[in-house]
Amino acid sequence: MTCLSALSYSRFSGILLRLAHKAIWLFLVLLGITLISFWVIHLAPGSPTDMETTLNPLAGEAARRQLETLYGLDRPLYIQYLDWLFRLLHFDFGNSMSADARPVLTKIMERLPLTVSINLISLIIVLIIAVPLGIATACRQNSLLDRTVTILVFLGFAMPSFWLALLLMMFFGIELQWLPVSGLTSLGYAELSPWGKCCDIARHLALPLLVYIIGGLASISRYMRACMLEVLRQDYILTAKSKGLSNHAVIWRHALRNALLPIITLLGLSVPGLIGGSVIIESIFALPGLGQLFYAAVMARDYTMIMGNLVFGAVLTLAGNLLADLCYGLADPRIRSAKGHD
Amino acid sequence: MSPAFGRRFFGSYFMLLLGLTIVLTMSLAALCAPLLAPYTPAAQHLDNILQAPCSRFWFGTDRLGRDVFSRMLYGGRVSLWVGFVAVGISISIGTVLGLVSGYFRNWADEVIMRMVDIMLCFPSFFLILAVIAFLEPNMTNIMVVIGLTSWMGVTRLVRADTLSLREREFVSAARLAGSPTRRILFRHILTNALAPVLITATLGVAGAILAESSLSFLGLGVQPPAASWGNMLMEGKSVIESAPWLSVYPGLAILITVLGYNLLGESLRDILDPRLKQ
């Protein structure tokens, strides 16, 4: 009994220690994210007031100084940073420096659902296609299917997403005139029935989704194939085969579960790529998402908006990685017990 | 020679050969642009505006009557130059930090690895765009910014190799013989960890070319009238309905070049370092 309680105590303290370690790491990374987001922009030579003063022949040095005082840019850099950090703690990302001067967080939150839903939908479709494709190519290594998929994967990796978007626009939008090439809704959207509205949005999202899917298919199917090949080489697969299990049972019951685990990590790691990629795809298809908001902020040198987006993008990535870590632990009993015994 | 080995051998070497052929052809075409280009990249043929591909203009002309083929040859110079310099910067930073982190461990390792963690949290294209927004969008700035935002992978790879190499006998022997640390790091450890660096560099060129063309496509990269594959596609987008050739050929050039570097990198990985294969 005493032995058991001592064991559970050591396990409990082990978990606490691991949590504390993770919390310190998280704190340092978050601090680093804010530091880089702030310094990178402030140390670069241009100033946010450039857009308002250099383009305006009536704005002289005095106007520039006034604007700097208004935005608090005349204070020492570390004070600006601490002030910004303090406001971030209260989820206050400041107001946009564009003409509407609305809060950065409100603007980000308005745009976030579209970007997240496009990415999620495409990710689900990619997984539905890529996982079976990866299994099929791994099980029939060096077959015609495997070689064809390998060639397509290499083409997919090398294909610039913006070029693919242009080609799809040319073919489906201009040549065949099947799908609209830009925006999220048609002009007569307001008069449509609820079902008509859904169809209208779906038609507008078809091409951007296709670009995301083709991009994602290459990496996930290739990775799935590699994981499956690795698992098929393991001793327990040999054991399963020698027990006389059917090929089907070996692959779907024994190999797949183990091969799927690394995919969780890959999904976590793909978050920054998806967020970064949304800048280009949303700009090409004129979709009002986070990527387009960031692009507009960059073009207008909207300081607060750029910093807000950078922090937000980085925190989303961090959350993606932590979620992947957590899911990996939940999905793999070996990791769960290893954590418990630490 | 077992059949499996034979397949891998010929598969990898075929990829290597194909990749090398593409990379060399593209590099030669870019280097010899002044000799190969039928016209100068800025020469306007005002009587042939938006001319479709024909025997005089192989890839057609753009809105200002400039020859697309000639501009693509000169644009190739930009892409390759940006690719090489950006990767040179990221490999230099990544290698030095990886060596220091793996060899000295302790606080140096902690600090460098936390820096890597933090940098990897940023969607790299976001970071590149944010910095470029406040700089003048020219080739030098683009190369530096792409280089400064893509060293983390190299650092991790070099660190992992350094951690194991520093425990090997030949490194201990060099240390006992009184070799200075710098010599141990660069002469003994780095030379044994060159394979992953070379592979990452090759794949990195492909990544940098894609990043530069994406930036130029968004209007934040190489500025017109200078030609780059990315800004040619941007200019082509506005006349995509009437002159689709402007949106096809520069993209094809990016695709083929990136494919070449990817094939080269992947086959080098298969041949030099099968451990890294996945």
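Residues numbered from 1 in each chain as written. Chains lettered and ligands numbered in written order. Predicted model: local features only at pLDDT ≥ 70, side-chain atom pairs only at ≥ 80, totals over all residues. Heavy atoms only, no water.

1. Remarks on the pattern of salt bridges
Thinking step 1. Applying the stated rule across the entire model yields 16 salt bridges over all chains.
Thinking step 2. Glu110(A) is the partner of Arg102(A) in a salt bridge, and the nearest nitrogen-oxygen pair spans 2.2 Å.
Thinking step 3. The exposure class of Arg102(A) is partly exposed, given its relative accessible area of 30%.
Thinking step 4. Residue classification places Glu110(A) among the partly exposed residues on the basis of a relative accessible area of 45%.
Thinking step 5. For the salt bridge of Asp109(B) with Arg159(B), the shortest nitrogen-to-oxygen distance reads 2.7 Å. Of the two residues, Asp109(B) is situated in helix H4 (residues 106-121) and Arg159(B) in helix H7 (residues 152-165); the sequence distance between them amounts to 50 residues.
Thinking step 6. Salt bridges sharing partners connect three or more residues here, namely Asp62(B), Arg66(B), Arg71(B) and Glu235(B). (Salt bridge = Lys/Arg side-chain N within 4 Å of Asp/Glu carboxyl O. Buried < 20%, exposed > 50% of the residue type's maximum accessible area, 1.4 Å probe, protein only. Helix = DSSP H or I, 4+ residues; strand = E, 2+ residues; numbered from the N terminus.)

2. Description of unusual backbone geometry
Thinking step 1. With an omega dihedral of 10 degrees, the bond running from Pro224(B) to Pro225(B) counts as a cis peptide bond.
Thinking step 2. Along the chain, the position of Pro225(B) falls in the loop between helix H10 (194-217) and helix H11 (229-237).
Thinking step 3. Of note, Ala286(A) is a non-glycine position whose phi angle comes to about 50 degrees, a positive value.
Thinking step 4. Structurally, Ala286(A) is set in the loop between helix H11 (271-284) and helix H12 (290-299).
Thinking step 5. In this structure, Arg301(A) takes a positive phi of about 50 degrees despite not being glycine.
Thinking step 6. Along the chain, Arg301(A) falls in the loop between H12 and helix H13 (303-331).

3. Considering the interface of chain A and chain B
Size of an interface: often given as the accessible area lost when the parts come together.
Thinking step 1. Counting residues at the interface gives 49 residues for chain A, matched by 42 residues for chain B.
Thinking step 2. Taken together, the two surfaces of chain A and chain B that pack against each other cover about 4,300 Å², and 82% of this comes from carbon and sulfur.
Thinking step 3. The largest share of the area that chain A buries against chain B comes from Phe154(A), Phe162(A) and Trp163(A), three residues that together contribute 16% of it.
Thinking step 4. Across the contact surface, chain A and chain B share zero salt bridges.
Thinking step 5. Our enumeration of links across chain A and chain B arrives at six residue pairs in polar contact (both at pLDDT 80 or more).
Thinking step 6. Mapped onto the side of chain A that touches chain B, the elements with two or more residues apiece are helix H1 (2-43), helix H6 (144-158), helix H7 (161-175), helix H8 (194-232), H11, H12 and H13 of chain A.
Thinking step 7. Take the side of chain A that touches chain B: its biggest share by element is nine residues, from H1(A). (Contact = heavy atoms within 4.5 Å. Buried area = accessible area lost by both parts, 1.4 Å probe. Polar contact = N/O pair within 3.5 Å; in protein donor to acceptor, adjacent residues only side chain to side chain.)

4. Quick look at the nonpolar core
Thinking step 1. Formed by 160 residues in total, the largest nonpolar core has its most connected members in Phe285(A), Ile306(A) and Leu129(B).
Thinking step 2. If you tally residues by element for this core, the top one is H8(A), at 13 residues.
Thinking step 3. Residues Ala29(B), Ala33(B), Phe69(B) and Leu73(B) belong to the second largest nonpolar core, which totals five residues. (Core = buried A, V, L, I, M, F, W, Y, C linked by side-chain atoms within 4.5 Å.)

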